[in-house]
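So the chains spell out like this:
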Amino acid sequence: MKIGFVQFDPQFGDVEGNIQKAVRLMESVDADLLVLPELAFTGYLFEDRTELEALAEPIPKGRTFREIRKFVMDTGTAVIYGAPEEVKGGVYNSAVAVLPDGGFFIYRKSHLFDREKLLFRPGDTGFFVFEFRGVKLGMIVCYDWVFPEAIRSIALMGAQIVAHPANLVLPYAQRAMVVRSIENHIFTITANRIGVEHRAGLQLRFTGKSQVTAPNGDVLVSAFDDAEAVMTVEINPDEALDKKFTELTDIFEDRRPELYQIIVRKP
Ligand code: ACM
């Protein structure tokens, strides 16, 4: 299976231009699965809820979903992208998986970062896995990486690959995702954006360095922090099915959940 990411610099509010740009980049490669950044077509620094609501779209009814689905159906490449999802009375920061069989899945970001808490609803989908070409996939969005419980849950459900659309502004996630790969013996795809946004009285620089990690922690492909990139790599997803470090060492079987109860208690 050939998997990869698209890293680019979405221009705030230019949804149509950003979709065209991403499609051009995606058309330049052959892949089974491509992951795009969080909020890939709208930009990130919304002034307020009114501005966010104006750029959010319902899924699957919205134009963005229809355009991405057209690309998916035309090429047979599955796409996972981030988007503000309009629902009655609010907006979620969502990741959308669009599959060539016409199916789609929506994950709503569980852990909202900083000002996102003023704008978005906290996700209500929880974590889940779905199948694509016989391989189990899961999704998180950006800051969810900080919570190892998130990817652990998805991995325990059988995920072999975790897609991670992101708008990262800190330098830690790429290193953490290597550890997430090793401790769960899974592949991860972090698709981050690049560029700078000056809006809402703030300035954010997005840190790029999108990457694909393997169950042994190898970084299979990695982009620069300031350049557009479409990168893919051929993987054997079955490598993620084997959770044994040694004959008597199985990283899932060896867990002692009774010792970790504090993790699932609210402080
Ligand atoms: C982030 O969660 N967008 C940092």
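Residues numbered from 1 in each chain as written. Predicted model: local features only at pLDDT ≥ 70, side-chain atom pairs only at ≥ 80, totals over all residues. Heavy atoms only, no water.

1. Section: the sheet that holds strand E8 (residues 161–165)
Condition: If DSSP finds at least two bridges between two strands, the strands pair. Helix and strand definitions follow DSSP, with helices as H or I runs of at least four residues and strands as E runs of at least two, each counted in order from the N terminus. Only the contacting stretch of a helix is used when fitting its axis, a line to C-alpha atoms as for every element, and angles between N-to-C directions run 0 to 180 degrees. Every residue pair with non-hydrogen atoms within 4.5 Å of one another is taken to be in contact.
Here six strands make up an open sheet; going across it, the order is E6-E7-E8-E9-E12-E13 and the pairing mixed. Two strands close off the open sheet at either side, each with one partner strand: strand E6 (129–132) and strand E13 (219–222). Going across the sheet, the axis of each strand differs from the next one's by a mean of 20°, ignoring polarity. Of the pairings in the sheet, the one linking strand E12 (residues 211–213) to E13 comprises three bridges and is antiparallel in character. By the bridge assignment, Thr213 is partnered in E13 with Val219. Across the sheet, helix H6 (residues 173–184) lies against E8, strand E9 (187–191), E12 and E13, angled at about 25° from E12, the strand it touches most.

2. Overview of the side chain of Thr213
Where we set the bar: For the purposes of these results, a polar contact is taken to be a pair of N or O atoms within 3.5 Å, where, inside protein, one atom must be able to donate a hydrogen and its partner to accept one; residues adjacent in sequence count only when each atom of the pair is a side-chain atom.
Residue position: Thr213 is located in strand E12. Within the structure, Thr213 has its side chain in polar contact with the side chain of Thr188 (distance 2.5 Å). Excluding residues within four positions of it along the chain, Thr213 makes contact with Met177, Val178, Ser181, Ile186, Phe187, Thr188, Asp218 and Val219.

3. With respect to the pattern of salt bridges
Note that side chains of opposite charge can pair when their charged atoms are close. The condition that has to hold: The working definition used for a salt bridge is a side-chain nitrogen of Lys or Arg within 4 Å of a carboxyl oxygen of Asp or Glu. With a 1.4 Å probe rolled over the protein chains alone, any residue whose accessible area is under 20% of its type maximum counts as buried; one over 50% counts as exposed, and the rest are partly exposed.
With the rule as written, the count across this model stands at 14 salt bridges. When the shortest N-O distance is used, the salt bridge between Arg63 and Glu16 registers 3.7 Å. One end of the pair, Arg63, is in helix H3 (residues 63–75); the other, Glu16, is in helix H1 (residues 15–27), with 47 residues separating them in the sequence. You can call Arg63 partly exposed: its relative accessible area is 39%.

4. Side note on helix H5 (residues 148–156)
For the record, the criterion: The arc in question is the one traced by the directions running from the helix axis out to the C-beta atoms.
Taken together, the buried positions of H5 are occupied by Ala150, Ile151, Ile154 and Ala155. Axial view of H5: buried residues confined to an arc of 125°, hence all on one face. The secondary structure elements touched by the buried residues of H5 are E6, strand E7 (135–139), E8 and H6.

5. Notes on the packing of aromatic side chains
Cut-off, in case you're wondering: We call Phe, Tyr and Trp rings a pair once their centres come within 6.5 Å, taking the six-membered ring for Trp, and we label the pair stacked below 30 degrees between planes, edge-to-face above 60, and tilted otherwise. A ring has a charge above it when a Lys NZ or an Arg CZ is no more than 6 Å from the ring centre and no more than 35 degrees off the ring normal.
If you walk through the whole model with that rule in mind, you get eleven aromatic pairs. Note on Tyr44 and Phe206: the rings are 5.8 Å apart at their centroids and 80° apart in plane angle, and the pair reads as edge-to-face. Of this pair, Tyr44 sits in the loop between strand E2 (33–35) and helix H2 (49–55) while Phe206 sits in strand E11 (residues 202–207), and the two are 162 residues apart along the sequence. Members of the aromatic cluster, joined through ring pairs, are Phe12, Phe46 and Phe120. The ring of Phe12 is capped by Arg199, whose NZ or CZ atom sits 3.7 Å from the centre of that ring.

6. Some remarks on the environment of Thr246
Within the secondary structure layout, Thr246 lies in strand E15 (residues 244–246). The class for Thr246 is partly exposed, based on a relative accessible area of 43%. In the structure, Thr246 is positioned 145 residues away from Asp101 in sequence and 38 Å away in space, judged by C-alpha atoms.

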